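Given next are the chains, with one letter for each unit.
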Amino acid sequence: MSNLQDISAFVAVATHGGFRGAARQTGTSASQLSEAVRRLEARLGLRLLNRTTRSVATTAAGQRLLEQLTPALDAVESALDVANSFRDRPAGRLRLNVPLAASRLVLPRIVPPFLAQYPEIRLEVIVDDRFVELLQSGCDAGIRYEESMDQDMVAIPIGPRRQRMAAAAAPGYLARHGQPRHPQDLRQHLCLRGRFTSGAMPAWAFERDGESVTVEVDGPLIVSLGAAVDLA
């Protein structure tokens with residue numbers, strides 16, 4: 001394709017009837033415009049402008065080319081204006097990939113004020129507990145916990161710096177089965193096991209006074225991790 005700047009130079013000269021007028025309108029020199037037109041004519045193998053010391057006029061080929069180029073360049077200019085509008089204010093679609101827990105614990109607090117501040121953004125939230133690659137999944141950004149985040153991702157904290165999970169049981173269950181005194185006692189209890197979409201079922205991890213304990217629990221019901229609280 002011919003250089004777009006050379007094409008724009010030809011249109012400017014042909015529209016303003018000369019190199020000097022075009023130079024004033026485009027903010028460049030008449031010699032630069034003349035060289036650009038010569039390059040375009042050399043590429044096409046056609047004379048596009050008839051030049052005299054006093055005037056410049058399009059040839060038949062130049063006039064036909066001008067008629068075809070003018071709406072095309074107007075369309076290019078309009079397209080650039082649309083793109084520039086994104087620079088002035090946030091607008092368009094923002095697609096997020098978030099785990100179910102974050103969709104319940106984090107998004108309800110931050111989404112309403114975000115949409116109020118940026119009314120031209122259309123937010124699309126994909127809730128998925130799989131650790132998918134954000135861009136390959138068609139998403140612009142996502143919410144991740146630190147242990148499941150790629151090292152090369154740019155991350156900004158948006159929630160509590162530390163979140164903790166707790167083990168809980170219904171009073172009726174504890175009345176029937178007794179209350180565990182240590183995490184290892186959970187091996188003898190009916191626990192609600194959580195499964196990631198990938199199929200992994202993490203063990204329950206406890207920590208107190210610098211001591212960490214991991215327990216492989218068991219129970220009659222396996223659920224998606226994000227739905228465990230509701231089902232409990």
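Position numbers for residues count from 1 along each chain, tracking the sequence in the order it is written. Where totals are concerned, whole chains, interfaces and linings use all residues; where local detail is concerned, this predicted model gives features only for residues with pLDDT of at least 70, and gives and counts side-chain atom pairs only at 80 or more. No hydrogens and no water enter the side-chain calculation; it runs on all heavy atoms of the structure.

**What about the sheet that holds strand 5 (residues 141–142)?**
In a beta sheet, neighbouring strands pair by backbone hydrogen bonds and run either parallel or antiparallel. What counts is decided by this rule: The pairing criterion is simple: DSSP has to find at least two bridges between the two strands. Helix and strand assignments come from DSSP, with helices taken as H or I runs of at least 4 residues and strands as E runs of at least 2, each series counted from the N terminus. Any two residues whose heavy atoms approach within 4.5 Å at even a single point are treated as in contact. Axis definition: a line fitted to C-alpha atoms, over the contacting stretch in the case of helices. Angles run 0 to 180 degrees between N-to-C directions.
Taken together, the three strands give an open sheet; going across it, the order is 4-3-5, and neighbouring strands pair in parallel fashion. Strands at the two margins of the open sheet, each flanked by one partner only, are strand 4 (121–127) and strand 5. In this sheet, strand 4 lies alongside strand 3 (residues 92–98) in parallel orientation, the contact comprising seven bridges. Residue pairing in the sheet places Gly-92 in a bridge with Ile-121 of strand 4. Running over the sheet, helix 6 (residues 107–117) touches strand 3 and strand 4 and is turned about 160 degrees from strand 4.

**Side note on the packing of aromatic side chains**
Convention followed: Whether two aromatic rings pair depends on their centres lying within 6.5 Å, for rings of Phe, Tyr and Trp, where Trp uses its six-membered ring; planes under 30 degrees apart make the pair stacked, over 60 edge-to-face, and the rest tilted. Buried means the residue's accessible area, taken with a 1.4 Å probe over protein chains only, is under 20% of the maximum for its type, while exposed means over 50%, and partly exposed covers the values in between.
The full count for this structure, using the stated rule, is one aromatic pair. Relative to Tyr-118, the ring of Phe-114 lies with its centre 5.2 Å away and its plane at 55 degrees, an arrangement referred to as tilted. A relative accessible area of 25% means that Tyr-118 is categorised as partly exposed.

**Description of the side chain of Arg-193**
Following the sequence through the fold, Arg-193 ends up in strand 6 (residues 192–195). Residue Arg-193 is classed as buried on the basis of its relative accessible area, which comes to 17%.

**A short note on the layout of surface pockets**
The condition is simple: Grid points spaced at 1 Å over the protein atoms alone were grouped into cavities, where a 1.4 Å probe fits but cannot get out, and pockets, open sets with protein on both sides within 12 Å along at least five of seven lines, with lining residues defined by an atom within 4 Å of a point. Grid points are joined across faces, edges and corners, and a volume is the space filled by probe spheres set on the points.
One number sums up the size of the second largest pocket: a volume of about 440 Å³. In this structure, the second largest pocket is lined by 19 residues; those nearest its centre are Leu-4, Gln-5, Ser-8, Ala-9 and Leu-73. Of all the secondary-structure elements, those providing two or more residues to the lining of the second largest pocket are helix 1 (4–16), helix 3 (30–44) and helix 4 (60–88). At seven residues, helix 1 tops the list of elements feeding residues into the lining of the second largest pocket.

**Focus on the pairing of strand 3**
Here strand 3 pairs with strand 5 via two bridges, running parallel. Within the sheet, the bridge partner assigned to Asn-97 lies in strand 5 and is Gly-142.

Function-wise, these values are silent; they only describe arrangement.
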